[in-house]
Amino acid sequence: MDAPNTPTESLRRDRYGAPIESHIWDHYVLELQLAERLLNSERSERIGGGLYTEVYDTLFKSVPLHPQNRKRAEDLNADRARRASILRAVVPAGAAFLEVGAGDGRLSLDLLGHVSQAHAVDVSEQVLAEEHAREGFHFHISDGVSMPLPEGSIDFAYSNQLIEHLHPDDAVEQLSEIFRVLKPGGDYLCVTPNRLSGPHDISDLRHETSCGLHLQEFGCRSLAALMERAGFMNIRLLVGKKRGAEISVAHGALREDIYKAMRAVLGERRARTNPIGLRLVNLQMLATKP
C-alpha cells in the first residue's frame, strides 16, 4: 500500500493528479488496510470466524458516505428488477434456484412463481420475517464458502458482485461447493466486474489493479480457469438477456483484446467510460456441471 500514514494535502492526489477529498482519502486508507487484513488472515478467521462480517461492518460504520450506505431505495429496486428480468430469461421455469450472497434475499423472492424453489444463501440473516415464511423460499446461513444444501439439489445457481470480494483460496472452495449442489447439467451464472475496466473498488484512485476489498478481479480467461478447477465445463459468456445469447470464452477473450486496442487509442479514462467498451468487457460467465 503506497498511502502515506500522515499525508499532506499535496500528496492526496489520485493517479491522474487530481486532488482527493479527505473523506474519500480516509475511505481509501481504511479499505486497503482491511483488504490486507483479509489477505493475511487464516482460513479459520474467515470461514466460521466472522472476519468477513467484521471487515464489512467496520467499513460501513466507519465510512458513512460509502456508496453502499447512500444507495436510494428506488435505485436498488430498479437494479433488482433489471437482474430479475435477466434471470427469468435464462433460468428454466420451475427450476430449483440458488442465489449465493443474497443479502436481504429480495431478488430470490422476486423469482418465486417463475422458479419452484428459491434458496438464498448469505453469511447473515437479513430477510423480513413475513417474507422469510413464503412458500418455496428458503434462507440459509453460510460460513462464507459452504452451501448448506444437499448434493445435486439445484438446477441454476447465481451470484452477483461476490466472487471478487473473496480471498483467492475461498473463491476456489466456494466454486467447488456451488458445483457440488448443482444437478448434472445445471448452470451457474457468475456476474463480476472485469479487471480490464477496473479496478472497481476504491483502489482505483491510485492503482492500476485492485488492492482494496476486491481481493481478486477477473478477466474471462482467469475466471474460466478457476471454474474449470472446480469441475465446470461448457464455460461461456452471457452477452444478452435471453438464453442462447452466449459466446465462447475464446470469443470473450477476443472482445477483451478489442477493448485493449480501444483503450490504446482512446486512453484508459475514456475507454473505461465508453458504453461500447464496457459492453465488450461485461463479465457474466455461465458454466455447466457435466
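Cut-offs and rules
Residues numbered from 1 in each chain as written. Predicted model: local features only at pLDDT ≥ 70, side-chain atom pairs only at ≥ 80, totals over all residues. Heavy atoms only, no water. Core = buried A, V, L, I, M, F, W, Y, C linked by side-chain atoms within 4.5 Å. Buried < 20%, exposed > 50% of the residue type's maximum accessible area, 1.4 Å probe, protein only. Contact = heavy atoms within 4.5 Å. Axes fitted to C-alpha atoms, helices over the stretch in contact; angles between N-to-C directions. Helix = DSSP H or I, 4+ residues; strand = E, 2+ residues; numbered from the N terminus. Parallel < 35°, antiparallel > 145°, perpendicular 65-115°, else oblique. Nonpolar A, V, L, I, M, F, W, Y, C, P; charged D, E, K, R; others polar. Pairing = 2+ DSSP bridges. 1 Å grid on protein atoms, 1.4 Å probe; cavity = no way out; pocket = protein on both sides within 12 Å on 5 of 7 lines; lining within 4 Å. Points joined across faces, edges and corners; volume = space filled by probe spheres on them. Phe/Tyr/Trp six-rings, centres within 6.5 Å; stacked < 30°, edge-to-face > 60°. Lys NZ or Arg CZ within 6 Å of the ring centre and 35° of its normal.

With that settled, consider the nonpolar core. Leu98, Tyr188, Met227, Phe232 and Met285 are the most contacted members of the largest nonpolar core, which totals 50 residues. Excluding its chain neighbours within four sequence positions, the residues that come into contact with Met285 are Tyr188, Leu189, Cys190, Cys220, Leu223, Ala224, Met227, Ile235, Arg236, Leu237 and Val249. Within the second largest apolar cluster, 23 residues are counted, among which are Leu109, Leu111, Ala118 and Tyr158.

Put simply, helix H9 (residues 220-230) and helix H10 (residues 249-266) touch, their axes get as near as 9 Å, and they point 155° apart. When the interaxial angle is binned, H9 and H10 end up roughly antiparallel. Across the interface between the two elements, Cys220, Arg221 and Ala224 of H9 pack against Val249, Gly252, Ala253, Glu256 and Asp257 of H10. Here the residues of the contact of H9 with H10 are counted per class, giving four nonpolar, one polar and three charged.

Within strand E4 (residues 154-160), five of the seven residues are buried, leaving the element largely enclosed by the surrounding structure. Where strand E1 (residues 96-100) lies against E4, four bridges are found, and the strand directions are parallel. Bridge assignment links Val100 to a residue of E4, and that residue is Ser159. Here E4 pairs with strand E5 (residues 182-191) via six bridges, running parallel.

A few words now on the layout of surface pockets. As a volume, the second largest pocket reaches approximately 160 Å³. A breakdown of the residues in the lining of the second largest pocket according to their chemical character gives four nonpolar, three polar and three charged.

Attention shifts here to the packing of aromatic side chains. Across all of its chains, the model carries five aromatic pairs by this definition. The rings of Phe179, Tyr188 and Phe232 are connected pair by pair, giving a single aromatic cluster. In this structure, Arg269 is placed above the aromatic ring of Tyr16, and the distance from its NZ or CZ to the ring centre is 4.1 Å. Stacked on the ring of Phe179, the Lys or Arg Lys289 has its end atom at 5.0 Å from the ring centre.

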